[in-house]
Amino acid sequence: MKTLQVEELSLEAFDEFGSFKNLIDPNTEAFGAEPVEFYRDMVQQDLGNKTVISYSVCRVLPREYKITVSEYHSHAGEGILPLDNDILIHVMPASPNGELPFEKTRVFRVPQGTMVTVKPGVWHHAPWTCDDLVANTLIVLPQRTYANDCIVVEHSEQQQLLIDA
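Would you explain the overall build of the protein chain in this entry?
Helix and strand content of the protein chain: two helices and 15 strands. For a compact globule of 165 residues, the expected C-alpha radius of gyration is about 15 Å, and the protein chain comes in at 16 Å, within 12% of that figure. Each principal axis of the C-alpha distribution contributes one length, and for the protein chain these read about 55 × 35 × 30 Å. Within the protein chain, buried positions represent 41% of all 165 residues. Sequence separation of at least 24 residues holds for 82% of the intrachain contacts in the protein chain that already meet a minimum separation of 6. Just so you have it, the protein chain exposes about 9200 Å², and 49% of that area is on carbon and sulfur atoms. One way to put it: in the protein chain the 12 positive side-chain charges average out to a point 4 Å from where the 24 negative ones average out.

What follows is the structure, encoded as structure tokens:
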């Protein structure tokens, strides 16, 4: 079984899969000044032609750092925002015919308060929590994506990947 190293988020490393921005400590232009500042358009997410956005929470308890399942959404990107702890996410580039590009799998540490958007077609799945703590993660998708635009593939035992966290 192959083991993957966790990578720190960087614009260059994550660009192929989506984008990210620290929402708790913004480092960008703002309207206004203390005590009220508005940081506009910090992160964009491609929701396709959907008009109803749903905000969900994925609560993650400590579990084995092993990739056993992956999913993608053809028609919309996904927003992922760890609220109360750092998380790990795995990603693989979009691929034809639902074939998993295992050799291109990468794992990133997403700091608490950093919004990540995953492009349509990019393989991913539920995050892992860091430091043996519960992680509540805000998930942003068009309404009912889990039911009408979610291709899920269970990895065979030979395809499973360990994460060196």
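Would you mind showing me how to read the sheet that holds strand β13 (residues 135–142) here?
Within a sheet, each strand pairs with its neighbour through backbone hydrogen bonds, oriented either parallel or antiparallel. Overall, antiparallel pairing links the five strands, which are arranged β2-β11-β8-β13-β5 in an open sheet. On the outer flanks of this sheet lie β2 (18–22) and β5 (53–60), each paired with one strand and no other. Ignoring which end each strand starts from, the neighbouring axes of this sheet average 20 degrees apart. Relative to strand β11 (residues 114–118), strand β8 (residues 78–82) runs antiparallel, the two being bridged by three bridges. In the sheet register, G79 faces β11, and the bridge partner there is T117.

So what exactly am I meant to see when it comes to the pairing of β8 here?
For a regular strand, side-chain orientation follows a simple rule: the groups alternate between the two sheet faces. When you tally the buried positions in β8, you get five out of five residues, the bulk of the element. Side chains E78, I80 and P82 of β8 all project onto a buried face; the interleaved residues G79 and L81 project onto the opposite face, where all are buried too. With four bridges connecting them, β8 and β13 associate as antiparallel partners. Among the inter-strand pairings, G79 is bridged to a residue of β13, identified as V140.

About the cut-offs
- Residues numbered from 1 in each chain as written.
- Predicted model: local features only at pLDDT ≥ 70, side-chain atom pairs only at ≥ 80, totals over all residues.
- Heavy atoms only, no water.
- Helix = DSSP H or I, 4+ residues; strand = E, 2+ residues; numbered from the N terminus.
- Rg over C-alpha atoms; globule rule 2.2 N^0.38 Å.
- Buried < 20%, exposed > 50% of the residue type's maximum accessible area, 1.4 Å probe, protein only.
- Contact = heavy atoms within 4.5 Å.
- Areas by Shrake-Rupley, 256 points an atom, 1.4 Å probe, with all protein chains shown as cover.
- Lys, Arg positive; Asp, Glu negative; His and termini not counted.
- Charge placed at Lys NZ, Arg CZ, Asp CG, Glu CD.
- Pairing = 2+ DSSP bridges.
- Axes fitted to C-alpha atoms, helices over the stretch in contact; angles between N-to-C directions.

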